[in-house]
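Analysis of the macromolecular model
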Amino acid sequence: MAPILVIDDDRQARGVVRSALERAGYEVREACDGSEGARLARTERPALVITDILMPNKEGLEVIRELQEGHRSLPIIAMSGGSQWMPPDALLRLATYFGAQRTLLKPFSLADLLDAVRSVLGPDGPTLEA
Amino acid sequence: VSQSAFARSQDSLQRYALALEATNDGLWNCDIESDVVVCTPRYWEMLGRQPQADISVDEWRSWVHPDDRARLAAVMAEHFETNRPYDLELRILTGTGAYRWYRARGRTIRGDQGRIVGHAGTLADVHAAREASDALMRSEARFRDIAETLSDWIWEIDVNLAFTYCTGGLLGVLGFAPDELIGRSLLDLVMPDEAASALGLADHVRRTHEAFSGIEIPCAHKQGRRVLLQVSGRPLYTAAGQYCGFRGVASDVTQRRALEEQLRQTQKMDALGTLAGGIAHDFNNILAALLGYVELASWDVAAGSRPAGHLQEALAAGERARDLVAQILAFSRRDSTEATSVDLALVVREVLKLLRASLPSTIEIVQRAAADLPAITGNATQIHQVVMNLCVNAEYAMRGQPSGRLEIDLALVTGAGTDVGSSEHGRFVRLQVRDTGTGLAPETAGRLFEPFFTTKPVGEGTGMGLSVVHGIVLAHGGVVRARQADGGGALFEVLLPVAAPAVPVATEELPSVKRAATILVVDDEPQLAMMVGHVLGRLGYEPTMCTSSLDALDRFTRAPGAFDLVVTDQTMPGLTGDRLAAELHRVRPELPIVLCTGFSHQLSQERAKELQLAALLYKPYDMGELARAIREALTPDLKVRGSIPTP
């Protein structure tokens, strides 16, 4: 199965998502900002992109817009803990408007993360028990 | 007999005249029977008249100022009756044709058997002294009028600090009539438990006799309430140079200090809000990692084992932290109020419906609402939270009591009775939440609305509930305050401005519109956004202000038809103005957008064309320019006809 691309500028936040996904049997690629994420999305051909919204260099919303324009069927999950200017729910609403299928409000439980991933990729993927 | 008596008195006159030359007074002698007045040369000199051998009493009387004649007659009548020497000041016509003030003293001369044969006396020129004393009286009257009409209060105290003089301003300031205070000590006025500053002042006054200024003393109004007086004074000395007390002025600064405190508190809350909002999202990221790794670890330990239990506790703690961050965000989220028309009575009903299920049956709920309350403009969810937090707070205050009463009142009040800075039309909907709980301790009352301030035991409250209330109410242009309720318990009062009816205001200077078009104003500087919004409101538009471009995009995408035009700043965090414009046009290509930019090199006219902007304004632009740009954008045919009024 194609990997899942995780884009987040926060190393620990990225790491925990990666660990959970790997623990559940998915293959994972990481990117530490929007620019790298957009580049890896082209070269790695992921099955799913999980991206933070506010990041340096290129923001998540721009990444989502770009990915949507290049590859309309690529599923995207957006996650955010909000910003100084905006509450997280409003940011996530925007992400949906830009084209994200699912959103996760930080901090989220890993069970919710895996639920979201399965709802996007289908129930036939790897599971914790597998 | 009479002749000889008069002749004798004439002799006396001459003898006395010699004796009185030194005193500079003039002498006169009047014979009743012959009706003749004889005067000394000095007398004539003082009147500036040529000496006359003798004049009639009537002629002399005709020289007296008409206004003084009645007084003269009265004095003379009294004199004849009592036989006591008389002494009066009156104006006499001088040889130059002007009246001057003289002092006339005299007495009757009695002949045999006490019969009156004439009278004699002296005349002194007191004109200069009289003018000076008149001037002094006018000056005194002037200062008395000023002192008595001042809202401040002027006082004098003696060496024992007892009042010797008070002006009427005292009545307005402390509720006492001046008479009530004379003789009482300065210290009698002081708030009993706040006497330190007054005792310090009293000590200073007694010891140093030095002037003081701007000392603040908490005093008790006659009706008991606290009045903060600002007092200045300087020492008084007798003519002999002996210290004899103090004189000064006292002003009521209670209101001023309260407003200053309110302002300080607001500034503090603003700073805390900004700080909290700034760290909250970072904290969410930290929590995401923390909770995530704990959850990961829990996957690898046996269910039901001791480590599994510990990890579960860590997760629970993390979730509490997450809820706290959500509350902090709610407190700091001042700018993202989505305003609609809110019926406060409806909100209260909903909250009470929710609360009734959770409140113990020992708490009676009383709800009162004035009929036909107007709506307020605000965010219904946030207003809901305000009512909810206040009610939950009230419930907590009554916990452990055998019974209690939660009263919720809604009323319409006007600005005059609210001492709130005026709303446009001065009307507020007032929400009062009153409990019968433990009430407010004075030391906590001032800090109630601070974030993280709580009187609850550790683990029972975060201290965010009331600060969230404060943040939301402030964002709605309202006021929240708390005080001890009559009969114990606490009373929380929220005033929210009544929704203003949109009234188009046409001004001669600025082009205006007939129809109320809706305009989304986006600027990350809240003051600028407010200012532009205010101007557009004056022009009859319906502005919605947004201090985040991402928030603006969010609002727009959820209701793309809600706005007729967008005015946006260029330089903003999150999404710059040009990018926002591009995103908005993806949704509604025909949407007119006015972009305002501070740096001309940032955005060329070419880029503006490419973005299909209705107008590109360079800062600083004046409001006339903005108004014209908006008017042209909303009615494009105007531009073709060229009939725009110039501002």
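It should be noted that the structure appears before, not after, this text.
Residues numbered from 1 in each chain as written. Chains lettered and ligands numbered in written order. Predicted model: local features only at pLDDT ≥ 70, side-chain atom pairs only at ≥ 80, totals over all residues. Heavy atoms only, no water.

Residues and elements named next belong to chain B. In spatial order, the strands read E20-E19-E21-E22-E23; together these five strands make up an open sheet with parallel pairing. The open sheet has two free edges, formed respectively by strand E20 (542–546) and strand E23 (615–618), since each of these has just one partner strand. Mean inter-strand twist for the sheet, computed between neighbouring axes without regard to direction, equals 15°. In this structure, strand E21 (residues 565–569) lies alongside strand E22 (residues 593–597), joined through four bridges in parallel fashion. (Pairing = 2+ DSSP bridges. Helix = DSSP H or I, 4+ residues; strand = E, 2+ residues; numbered from the N terminus. Axes fitted to C-alpha atoms, helices over the stretch in contact; angles between N-to-C directions.)

Before going further, it helps to spend a moment on helix H19 (residues 623–634) of chain B. Residues and elements named next belong to chain B. A rise of 1.5 Å per residue sets the reference length of H19, with its twelve residues, at 16 Å; its end C-alpha atoms lie 16 Å apart and thus fit the reference within 8%. The buried count for H19 comes to ten of twelve residues, which makes it a mostly enclosed element. Regarding H19, the residues found buried are Met623, Gly624, Leu626, Ala627, Ala629, Ile630, Arg631, Glu632, Ala633 and Leu634. (Expected span 1.5 Å × (residues − 1). Buried < 20%, exposed > 50% of the residue type's maximum accessible area, 1.4 Å probe, protein only.)

Residues and elements named next belong to chain B. Tallied over the entire structure, the rule returns seven aromatic pairs over all chains. The interplanar angle of 75° and the centroid separation of 5.9 Å between the aromatic rings of Trp44 and Trp63 together place this pair among those described as edge-to-face. Here the residue Trp44 occupies a position in helix H2 (residues 41–47), and Trp63 occupies one in the loop between helix H3 (57–62) and helix H4 (66–82), the gap between them amounting to 19 residues. There is no split in this pair, since Trp44 and Trp63 are both buried. Relative to Phe246, the ring of Tyr243 lies with its centre 6.1 Å away and its plane at 70°, an arrangement referred to as edge-to-face. You'll find Tyr243 and Phe246 in the same group, each marked buried. Following the ring pairs from residue to residue traces out a cluster consisting of Phe212, Tyr237, Tyr243 and Phe246. Directly above the ring of Trp63 sits Arg49, whose terminal nitrogen or CZ lies 3.9 Å from the centroid. Just above the ring of Trp101 sits the side chain of Arg130; from NZ or CZ to the centre is 3.8 Å. (Phe/Tyr/Trp six-rings, centres within 6.5 Å; stacked < 30°, edge-to-face > 60°. Lys NZ or Arg CZ within 6 Å of the ring centre and 35° of its normal.)

Further remarks concern the nonpolar core. Leu584(B) and Leu613(B) are the most contacted members of the largest nonpolar core, which totals 43 residues. With near-sequence residues (within four places) excluded, Leu584(B) lies in contact with Leu553(B), Phe556(B), Val566(B), Leu591(B) and Ile593(B). (Core = buried A, V, L, I, M, F, W, Y, C linked by side-chain atoms within 4.5 Å. Contact = heavy atoms within 4.5 Å.)

Our next topic: the pairing of strand E17 (residues 479–484) of chain B. Residues and elements named next belong to chain B. Two strands pair when backbone bridges link them, and E17 and strand E18 (residues 490–497) are joined in this way by six bridges, in the antiparallel orientation. The residue bridging Val479 from the neighbouring strand is Leu495, located in E18. With antiparallel pairing between neighbouring strands as the criterion, E17 and E18 make up a hairpin whose turn holds five residues, including Gly487 at a positive phi of roughly 80°.

As a further point, take the interface of chain A and chain B. Tallying the contact residues gives 35 residues for chain A and 33 residues for chain B. Carbon and sulfur atoms supply 62% of the area buried between chain A and chain B, which totals about 3000 Å² over both sides. Where chain A touches chain B, the interface holds five salt bridges. Residue Arg23(A) pairs with Asp300(B) through a salt bridge whose shortest N-O separation is 2.8 Å. (Buried area = accessible area lost by both parts, 1.4 Å probe. Salt bridge = Lys/Arg side-chain N within 4 Å of Asp/Glu carboxyl O.)

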